[in-house]
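Per-entry structural report
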Amino acid sequence: MSYEDAHKERYRLSLEWIAPLADKAEKILDIGGESPFTRLVHKRWPGKLTPYYGGDLRQGFVVSECDLILAMEVLEHIEDSSHDDVHTEWRGTGTQMMLASCFVSLRPGGHLFLTTPNPCSITAIHHALNLTPPMLYRPHVREYSPYELDEMVRAVGFEIINRETLDVWRNAISDKAHKAISKFILAENYPPELRGECTFLLAKRPGESKTAS
């Protein structure tokens, strides 16, 4: 299965999330490198997509006057900022710098849309029960829980407009296993919410948007 085929449901849902904002936007930035979704955005909203920023996101960037920034499947690939000393703990400095850069690159009232794998998902639990790392994809640098992501996004000044977790792959777990783990979660009174594979989050830089109707 190709990457594009594996992610087509994520693409479909992402288009639904961003469409009302992209319709009004004058300038859209897609960070982290060109992807099949970048091409979908360019085709649907021609002339609005600024050349993507694909540099080292840990070092910070400013792409001024953006109305909408897309950071899809990016956070999980970002390491901490480089230091001369030996790292003994995860600090999240690279991710914090990326989010802060998005904040300053947006106009007041502009929006950040991001998606990232959810390590609290039923699929990740399934992996853990089978003695493999509790991640959606093992080579990722770091996968963030939904509440952890909320804290990081708010810490740089964003207001969260919407945040959900959605099953968009379901290619690593059978329906039978998914139902069994869901039943266990309910039976043992663990929180059943936020168990989807991918976190979708829409955040806003406070202020009045230039493009608001």
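For the structure itself, look to the data block above.
Presented here is a report on the structure given in the accompanying data block. (Residues numbered from 1 in each chain as written. Predicted model: local features only at pLDDT ≥ 70, side-chain atom pairs only at ≥ 80, totals over all residues. Heavy atoms only, no water.)

1. Points about the state of the cysteines
As enumerated under the stated definition, the model contains 0 disulfides in all. Left unpaired, Cys 66 is separated from the closest cysteine sulfur, that of Cys 102, by 8.7 Å. Cys 66 sits in the buried class, given a relative accessible area of 0%. Of the residues examined, Cys 102 reaches a relative accessible area of 0% and is grouped as buried. (Disulfide = S-S within 2.5 Å. Buried < 20%, exposed > 50% of the residue type's maximum accessible area, 1.4 Å probe, protein only.)

2. Notes on the environment of Pro 139
Relative to the helices and strands, Pro 139 is located in the loop between helix H5 (122-129) and helix H6 (146-155). With relative accessibility at 58%, the residue Pro 139 sits in the exposed group. For Pro 139 and Glu 76, which are 63 residues apart along the polypeptide, the C-alpha to C-alpha distance reads 9.4 Å. (Helix = DSSP H or I, 4+ residues; strand = E, 2+ residues; numbered from the N terminus.)

3. Describing the layout of surface pockets
Considering only enclosed or pocket space, the largest pocket measures out at about 700 Å³ in volume. Within the residue set of the lining of the largest pocket, elements represented by two or more residues are helix H2 (8-24) and strand E1 (28-31). (1 Å grid on protein atoms, 1.4 Å probe; cavity = no way out; pocket = protein on both sides within 12 Å on 5 of 7 lines; lining within 4 Å. Points joined across faces, edges and corners; volume = space filled by probe spheres on them.)

4. Describing the environment of Ile 185
Considering the arrangement of structural elements, one finds Ile 185 in helix H7 (residues 175-187). What makes Ile 185 buried here is its relative accessible area of 5%. Each C-alpha atom, one on Ile 185 and one on Asp 67, is 40 Å from the other, the two residues being 118 residues apart in sequence.

5. A closer look at the packing of H5 against H7
Contact geometry of H5 with H7 gives a least axis separation of 10 Å together with a crossing angle of 95 degrees. Comparing the axis directions of H5 and H7 gives the class roughly perpendicular. Contacts between H5 and H7 involve Ile 122, Ile 125, His 126 and Leu 129 from the former and Ala 177, His 178, Ile 181, Ser 182 and Ile 185 from the latter. Tallied by class, residues from the contact of H5 with H7 come to 6 nonpolar, 3 polar and no charged. (Axes fitted to C-alpha atoms, helices over the stretch in contact; angles between N-to-C directions. Parallel < 35°, antiparallel > 145°, perpendicular 65-115°, else oblique. Contact = heavy atoms within 4.5 Å. Nonpolar A, V, L, I, M, F, W, Y, C, P; charged D, E, K, R; others polar.)

6. So, H2
With 17 residues, H2 ought to run about 24 Å at 1.5 Å a step, and its terminal C-alpha atoms sit 24 Å apart, in line with that. Of the residues making up H2, those classed as buried are Arg 10, Tyr 11, Leu 13, Ser 14, Leu 15, Trp 17, Ile 18, Ala 19 and Ala 22. (Expected span 1.5 Å × (residues − 1).)

7. A closer look at the packing of H2 against helix H3 (residues 36-44)
Taken N-terminus to C-terminus, the directions of H2 and H3 make an angle of 45 degrees; their axes are 11 Å apart at the nearest point. The angle between H2 and H3 places the two elements in the oblique class. As H2 runs across H3, the sense of the crossing is right-handed. Two secondary-structure elements touch here, H2 through Tyr 11, Ser 14, Leu 15, Ile 18 and Ala 19 and H3 through Pro 36, Phe 37, Leu 40, Val 41 and Arg 44. (Left-handed = near helix turned anticlockwise from the far one by under 90°.)

8. Considering the packing of aromatic side chains
A full pass over the atoms with the stated rule returns 6 aromatic pairs. Ring centres of Trp 17 and Phe 113 lie 5.8 Å apart, and the angle between their planes is 45 degrees; on these two criteria the pair is classed as tilted. Taken together, the positions of Trp 17 in helix H2 and Phe 113 in strand E4 (residues 106-117) put the pair 96 residues apart, joining distant regions of the chain. Per residue, the accessibility class of Trp 17 equals that of Phe 113, and both read buried. Measuring from centroid to centroid gives 5.9 Å for Phe 113 and Phe 200, while their planes differ by 65 degrees, and the two rings are edge-to-face. Note that Phe 113 is positioned in strand E4 and Phe 200 in strand E6 (residues 198-204), a separation of 87 residues in sequence. Phe 200 gets classed as buried once you look at its relative accessible area, which sits at 0%. Taken together, the ring pairs in this structure connect Trp 17, Phe 113 and Phe 200 into an aromatic cluster. (Phe/Tyr/Trp six-rings, centres within 6.5 Å; stacked < 30°, edge-to-face > 60°.)

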